[in-house]
Amino acid sequence: MESYNPQEIEKKWQQYWEEKKFFQAEDFSLPRRQAGKDQKQYLLLEFPYPSGDGLHVGHCRSYSALDAIVRQKRMAGANVLFPIGWDAFGLPTENYAIKHGVHPSVATEKNIANFKRQLKSLGLSFDWSREINTADPKYYKWTQWIFLKLFEKGLAYQAEIPINWCPACKIGLANEEVVAGNCERCGAPVQRKIQKQWMLKITAYADRLIDDLEKLDFPERVKSQQINWIGKSFGAEVNFPITDSQSSISVFTTRIDTLFGVTAVVLAPEHPLAEKLVTGENKEKVKSYIAEAKKKSDFEREKLEKGSKSGVFTGSFCKHPLTGEEIPIWIGDYVISAYGGGAVMMVPAHDKRDYDFAKKYGLSIKEVVSGGDISKNAFVDYGVLINSEKFNGLKSEEAIEKITKELEKKKLGKKTIQYKLRDWVFSRQHYWGEPMPLIHCEKCGIVPVPEKDLPVELPYIEKYQPTGTSESPLSAISDWVNIKCPKCVGPAKRETDTMPNWAGSNWYFMRYCDPNNNKELADSKKLKYWLPVDWYNGGMEHTTLHLLYSRFIYKFLFDIGVAPQKEPYQKRTSHGIVLAADGRKMSKSFGNIVNPDDIVKKYGADTLRIYEMFMGPFDQAIAWSEDGVRGVSRFLEKVWKKSLVCAENKTSGQDVLRALHKLNKKINEELDLMKFNTIIAGFMEFTNFVQSHQEGVGKDTIEKMLVLLSPFAPHITEELWQKLGHRESIFMEKWPEFSEKMLKKDTITLIIQINGRVRDIIEVKAGISEREAKELTLTRERVKKYLSDKEVKKVIFVAEKLINIVI
RNA sequence: GCCCGAGUGGUGGAAUGGUUUACACGAGUGACUUAAAAUCACUUGAGCGCAAGCUCAUGCGAGUUCGACUCUCGCCUCGGGCACCA
């Protein structure tokens with residue numbers, strides 16, 4: 001008998017499938033086999049960033065799993081779109097290029113070639129004819145086009161916002177490049193620097209991003225994470241008039257019922273009024289405090305531990321809007337400038353942070369909601385109001401209503417809604433990204449590049465190093481920067497900022513529907529046919545970034561008539577990461593990385609695929625184990641041998657057929673639930689069964705088993721299929737159905753319990769009645785032993801399962 | 001500090017109210033072999049016992065139930081996420 005040699009057969013079939021174009025999706029077409037049941041299925045995985053490290057075994061895990069689902073759906077008759085492409089712009093490539101003196105476009109090209117080779121070696125059934133690359137001008141033409149539309153509709157604007165600035169490297173840093181407040185490259189402490197940045201107004205879509213989640217088939221934890229991120233809260237805005245001044249401080253609170261407990265107002269160090277309110281004696285102290293706080297990066301500010309909040313008194317006071325009482329104005333670093341106007345009313349009795357702050361600086365604590373013990377802790381729950389003048393005795397809920405009304409009447413406040421969600425910083429001062437298609441004209445201001453001039457190509461330059469001035473490297477190319485204004489033909493300059501890599505990944509799934517269109521983003525009929533994506537799998541870490549951002553962009557494209565629906569993805573699932581054998585993350589610095597190439601070379605792609613599905617629950621993080629890989633390799637060896645041996649037999653016995661239908665049922669029920677690990681276990685159980693019933697297993701059974709296994713282990717099953725005498729590919733087979741009738745057995749195992757403990761097990765005929773079961777049970781020696789003279793109080797009978805005697 | 005998960009053999013895990021430990025790994029014994037590897041067969045939660053068998057065990061403690069890994073309450077530990085969100 002020929003032995004199983006994956007290295008030989010896998011290449012062969014990969015080429016065969018590619019030549020036959022098996023995996024190309026057909027626009028509008030009926031599915032291959034079930035005419036009349038025109039069911040399109042669009043399955044998407046997050047396209048990879050082609051890093052220099054090559055494919056990770058983590059990619060293989062989710063890709064193999066999705067591929068199994070895709071292959072099964074094709075066999076069941078669906079017209080499946082399963083595309084792949086490259087999220088090619090990004091910071092790591094630029095950094096790599098600078099470090100090694102290789103142009104980013106060259107590095108990207110090389111990395112893509114490597115990724116492509118690796119993906120192909122796994123035999124994944126992508127439709128390669130639709131491959132896209134976000135760094136290709138033909139692609140980013142449309143990324144720029146989307147930006148122009150956002151600009152046109154007023155959803156792209158410029159704002160002064162702080163960035164992380166490394167004073168030593170003289171470059172702006174991404175959050176990821178800031179490690180514990182220091183620059184990742186040189187270790188210098190990161191500072192904040194104000195920079196003019198392009199922003200996208202995602203906040204305009206906040207409500208819709210929450211409301212439309214309802215109808216989507218997303219995991220609850222994904223939905224709630226997005227909802228919490230958007231953070232819609234209902235509350236009130238209150239004005240505290242500043243003493244001896246015309247102006248007032250506006251604060252936002254969700255707990256207006258605690259208004260009478262305010263003992264200070266605290267401003268963020270960046271608050272525009274902060275410096276103005278400082279009085280003589282405190283001036284120096286406050287100034288240096290503000291300077292210190294501003295220097296701290298967001299990172300440090302966010303990580304301030306309990307108790308380490310700091311603050312300083314400005315020396316100024318404001319008036320309580322209802323009592324007229326004098327209230328001190330403080331500055332505190334725990335107040336976030338970007339939220340709620342950068343000012344809070346401090347109610348130490350009923351807010352934990354305020355409580356800590358008041359304790360630290362000896363501010364008074366005034367209880368206004370009864371129910372707690374404020375000498376020990378802040379009482380944060382709702383309760384009944386006290387010390388609140390005419391509102392005493394009201395419940396918190398009612399008080400919120402009435403106090404808000406009172407403030408509105410006196411024009412000192414109003415009901416408002418606040419969101420945590422912030423607008424999206426959309427520009428980068430880097431080379432390797434899409435240039436923003438805008439022109440700055442001295443006369444006309446900001447002028448969009450006319451659509452006919454798109455794409456604005458990224459110039460190929462030798463010097464893409466940072467400029468040291470916090471401007472993009474593009475600003476140094478005067479040939480490119482200086483241009484005539486498209487409106488007035490006067491002298492003008494190009495915008496030199498580029499877009500973040502999110503720009504390309506926001507809409508890539510739309511381009512797959514029509515990847516070579518030169519006239520528009522994609523043909524509207526094709527979009528209408530394929531979208532929305534039926535099933536999108538990806539990582540949990542993208543929940544509040546890519547997944548949310550791309551929903552926003554899709555909604556925008558829907559509003560301007562480009563996207564066919566309100567939501568891009570109908571169903572979302574997420575995979576767990578693959579950890580190293582030591583339980584840590586795989587990382588170069590730990591030296592614990594597993595290269596999929598090595599596994600494919602040693603054991604074959606089918607083994608790698610099955611192992612990664614078998615390793616554990618799909619959505620959980622699991623550590624790599626090469627012993628586990630060997631176990632799967634043994635399983636495939638067994639499939640190979642038993643298939644060839646049993647194909648000699650003509651027919652199969654009843655027991656074997658029952659086991660086969662049981663397996664078929666298991667797969668049909670568990671595949672969409674992504675219970676790959678138990679499905680593979682089911683196959684192992686089946687092959688073990690075959691091993692012990694070898695004579696009773698016929699060719700019919702083996703063939704059906706191979707068809708069932710083919711989505712999971714495509715190469716070995718295709719090879720065996722042909723060895724068993726078939727000319728057509730196994731993937732042209734129709735997905736098998738199981739019959740419930742075949743699963744029925746004549747006898748069942750009845751568990752006998754006494755007081756809920758198992759005491760005996762008997763084989764009885766199926767469909768046994770309670771009376772029969774009881775009679776049978778009471779004759780058993782082992783039961784009698786326990787019953788002896790005791791009284792039977794109760795008998796619980798669960799049909800086809802167990803009988804429990806209570807004594 | 002807040003939010004979300006998860007705790008089951010030597011290990012990864014299975015079981016979502018009904019035989020705890022499927023499947024796999026590892027370990028052990030035997031067969032084949034000059035030998036090893038590979039393969040095959042058997043054993044493998046812990047304790048007591050010659051055995052039949054009994055007792056205990058799903059992080060800890062209570063509770064609901066004829067019956068709890070599963071449901072409820074309280075606690076502990078680990079992992080992931082985070083924007084001190086007023």
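Owing to the predicted nature of the structure, the values given are computational and were not obtained by experimental measurement. (Residues numbered from 1 in each chain as written. Chains lettered and ligands numbered in written order. Predicted model: local features only at pLDDT ≥ 70, side-chain atom pairs only at ≥ 80, totals over all residues. Heavy atoms only, no water.)

Turning to the overall build of chain A, a few remarks are in order. When helices and strands are tallied, chain A shows 26 helices and 31 strands. When its C-alpha atoms are laid out on the principal axes, chain A stretches across 100 × 85 × 50 Å. Classification of the 807 residues of chain A by burial places 53% in the buried group. As displayed, chain A offers around 37,200 Å² of accessible surface, 50% of which is attributable to carbon and sulfur atoms. (Helix = DSSP H or I, 4+ residues; strand = E, 2+ residues; numbered from the N terminus. Buried < 20%, exposed > 50% of the residue type's maximum accessible area, 1.4 Å probe, protein only. Areas by Shrake-Rupley, 256 points an atom, 1.4 Å probe, with all protein chains shown as cover.)

What follows deals with the packing of helix H19 (residues 626-646) against helix H23 (residues 714-723). One way to put it is that H19 packs onto H23 with a least axis distance of 11 Å and a crossing angle of 10°. Comparing the axis directions of H19 and H23 gives the class roughly parallel. In this structure, H19 contributes Leu636, Val639, Trp640, Ser643 and Leu644 to the contact, and H23 contributes Ile716, Glu719, Leu720 and Lys723. Classifying every residue of the contact of H19 with H23 gives six nonpolar, one polar and two charged. (Axes fitted to C-alpha atoms, helices over the stretch in contact; angles between N-to-C directions. Parallel < 35°, antiparallel > 145°, perpendicular 65-115°, else oblique. Contact = heavy atoms within 4.5 Å. Nonpolar A, V, L, I, M, F, W, Y, C, P; charged D, E, K, R; others polar.)

Under the criterion given, the structure shown has 38 salt bridges. Glutamate 719 is paired through a salt bridge with lysine 12; the nearest N and O atoms lie 2.8 Å apart. One end of the pair, glutamate 719, is in helix H23; the other, lysine 12, is in helix H1 (residues 6-19), and 707 residues separate them in sequence. Judged by relative accessible area, glutamate 719 falls into the buried class, the value being 5%. A salt bridge links glutamate 772 to lysine 765, with the shortest nitrogen-to-oxygen separation between them at 2.9 Å. By relative accessible area, which is 46% here, lysine 765 ends up partly exposed. Three or more residues are tied together by salt bridges with common partners; here these are Asp27, Asp127, Arg130, Asp514 and Lys526. (Salt bridge = Lys/Arg side-chain N within 4 Å of Asp/Glu carboxyl O.)

Sites flagged by UniProt as "domain: Aminoacyl-tRNA synthetase class Ia" (unreviewed entry) map to residues 419-624. Measuring from the first to the last C-alpha atom of residues 419-624 gives 41 Å, for a span that is 25% helix and 15% strand. (UniProt positions renumbered as here; feature names shortened; annotations may be inferred.)

Let us look at the packing of helix H17 (residues 596-603) against H19. Any two packed helices are characterised by the angle at which their axes cross and by the distance between the axes. H19 packs onto H17 with a crossing angle of 35° between their chain directions and a minimal axis gap of 11 Å. Note on packing geometry: the crossing formed by H17 with H19 is right-handed. Here H17 contributes Ile599, Lys602 and Tyr603 to the contact with H19, which in turn contributes Glu626, Val629, Arg630 and Ser633. A class-by-class count of the residues in the contact of H17 with H19 yields three nonpolar, one polar and three charged. (Left-handed = near helix turned anticlockwise from the far one by under 90°.)

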